[in-house]
Amino acid sequence: MKYRSVFDIIGPVMIGPSSSHTAGAARIGRVARSLFNREPKWAKISFYGSFAETYKGHGTDVAIVGGLLDYDTFDERIKTSLDIAEKAGMEITFVEETAVTEHPNTARVHIGDDNGELELVGISIGGGKIEITELNGFELKLSGNHPAILVVHNDRYGAIAGVANILAKYAINIGHMEVARKEKGMQALMTIEVDQNIDQDVIDELSTLPNIIKVTKIVD
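These numbers come from a predicted model, not from an experiment. (Residues numbered from 1 in each chain as written. Predicted model: local features only at pLDDT ≥ 70, side-chain atom pairs only at ≥ 80, totals over all residues. Heavy atoms only, no water.)

Engineer: How do you make sense of helix α6 (residues 159-169) when you look at a structure like this?
Structural biologist: Spacing of three or four residues puts side chains on the same side of an α-helix, whose turn is 3.6 residues. For α6, the complete set of buried residues consists of Ala-159, Gly-162, Val-163, Ile-166 and Leu-167. For α6, the angular spread of the buried residues around the axis is 135°, confining them to a single face. Opposite the packed face of α6, turned more than 90 degrees from it, sit the exposed residues Asn-165, Ala-168 and Lys-169. In this structure, the buried residues of α6 make contact with β7 (148-154), β8 (174-181), β9 (187-194), α7 (200-207) and β10 (212-218). (Buried < 20%, exposed > 50% of the residue type's maximum accessible area, 1.4 Å probe, protein only. Helix = DSSP H or I, 4+ residues; strand = E, 2+ residues; numbered from the N terminus. Arc of directions from axis to C-beta. Contact = heavy atoms within 4.5 Å.)

Engineer: Help me understand unusual backbone geometry in this model?
Structural biologist: At Asn-37, a residue that is not glycine, the phi angle is positive and equals roughly 70°. A positive phi angle, near 75°, is found at Asp-70, a position not held by glycine. Inspection of the secondary structure assignment puts Asp-70 in the loop between α4 (60-68) and α5 (81-87).

Engineer: Before we go on, may I ask you to explain the packing of aromatic side chains in this structure?
Structural biologist: Two aromatic rings are characterised by how far apart their centres lie and by the angle between their planes. Scanning the entire structure with this criterion turns up 4 aromatic pairs. Relative to Phe-51, the ring of Phe-47 lies with its centre 5.8 Å away and its plane at 80°, an arrangement referred to as edge-to-face. Judged by centre distance (5.8 Å) and plane angle (35°), the ring pair of Tyr-55 and Phe-94 falls under tilted. Of the two residues, Tyr-55 sits in the loop between α3 (49-54) and α4 while Phe-94 sits in strand β2 (residues 91-96), which places them 39 residues apart along the sequence. According to the relative accessible area criterion, Tyr-55 is buried, its value standing at 6%. Residue Phe-94 is classed as partly exposed on the basis of its relative accessible area of 25%. In textbook terms, an aromatic cluster arises when at least three aromatic residues are bridged by ring pairs, as seen for Phe-47, Phe-51, Tyr-55 and Phe-94. Its guanidinium or amino end placed over the ring of Phe-36, Arg-38 lies 4.0 Å from that ring's centre, counting from NZ or CZ. (Phe/Tyr/Trp six-rings, centres within 6.5 Å; stacked < 30°, edge-to-face > 60°. Lys NZ or Arg CZ within 6 Å of the ring centre and 35° of its normal.)

Engineer: Can you walk me through the sheet that holds strand β3 (residues 105-113) in this structure?
Structural biologist: Strands sit in the order β2-β1-β3-β4-β5-β6 across an open sheet of 6 strands; the sheet is mixed. Both outer strands of the open sheet, β2 and β6 (138-142), are each paired with one neighbouring strand and no more. Strand-to-strand twist of the sheet, defined as the mean angle between neighbouring strand axes without regard to direction, takes the value 20°. Where strand β1 (residues 42-48) lies against β3, 7 bridges are found, and the strand directions are antiparallel. Its bridge partner lying in β3, Trp-42 is registered against Gly-112. Across the sheet, α4 is in contact with β1, β2 and β3; its angle to β1 comes to roughly 140°. (Pairing = 2+ DSSP bridges. Axes fitted to C-alpha atoms, helices over the stretch in contact; angles between N-to-C directions.)

Engineer: Sorry, what's going on with the pairing of β7 here?
Structural biologist: As a general feature of sheets, a regular strand has side chains that alternate between the two faces. Among the 7 residues that make up β7, 6 are buried, leaving the element largely enclosed by the rest of the structure. Taken together, the 6 bridges between β7 and β10 define a ladder with antiparallel strand orientation. What sits directly across from Leu-150, in β10, is Thr-216.

Engineer: I'm lost on the nonpolar core in this one. Help?
Structural biologist: It is characteristic of soluble globular proteins that their nonpolar side chains tend to be buried jointly. Counting 39 residues, the largest nonpolar core has Ile-64, Leu-120 and Leu-150 as the members making the most contacts within it. Broken down by element, this core gets its largest block of residues, 7 residues, from helix α2 (residues 19-36). Not counting residues up to four positions away in its chain, the partners in contact with Ile-64 are Ala-25, Ala-26, Ile-28, Gly-29, Ile-45, Phe-47, Phe-94, Ala-107 and Val-109. The next biggest cluster of nonpolar side chains, apart from the first, holds 16 residues, and it includes Val-151, Ile-172, Ile-192 and Leu-209. (Core = buried A, V, L, I, M, F, W, Y, C linked by side-chain atoms within 4.5 Å.)

Quick look at the structure:
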């Protein structure tokens, strides 16, 4: 893995003890919260590998719930996030999974309320960095370290070009983009990481394009 600066090696400003098990977990939770766009009423969090073995001692549980509460990695409230979530009425379940995953620091976060649900898989790759590898059944690669746009769309000719044209219109530079689909001709997911935060006007215009089902942004 390449690091851009010494700060990537040292890791982020954070509540300890581990950049992989706490800062990374907090960021996974916060990405889930950002995509859900509101505080969930319940969460089922499944830990795999090293996460499953050490999550209580390393604070992975309080960190990932802190992320669901929209706390950043350095927020002191992470230490008491379980109590805060309980007082807010959030029902939380932790599951220690035994299945072997490709990465030892893996968490599956399933959250929801009366109006909807969201499920994602995130891995903590070290130094507080993460990757989201699955979202609602779609495989993807999302770092969570840059602003991003997620576009659920019908798998039709011209859908990708339409999105790219609007981003070009607003002079938005694409850093990484990929498209995943479960089945040809059905729904697909565009994952687009960009170099600047996206105004709501851009999201609104993207949402009006043909074959676009839902557009969600993640701010840096």
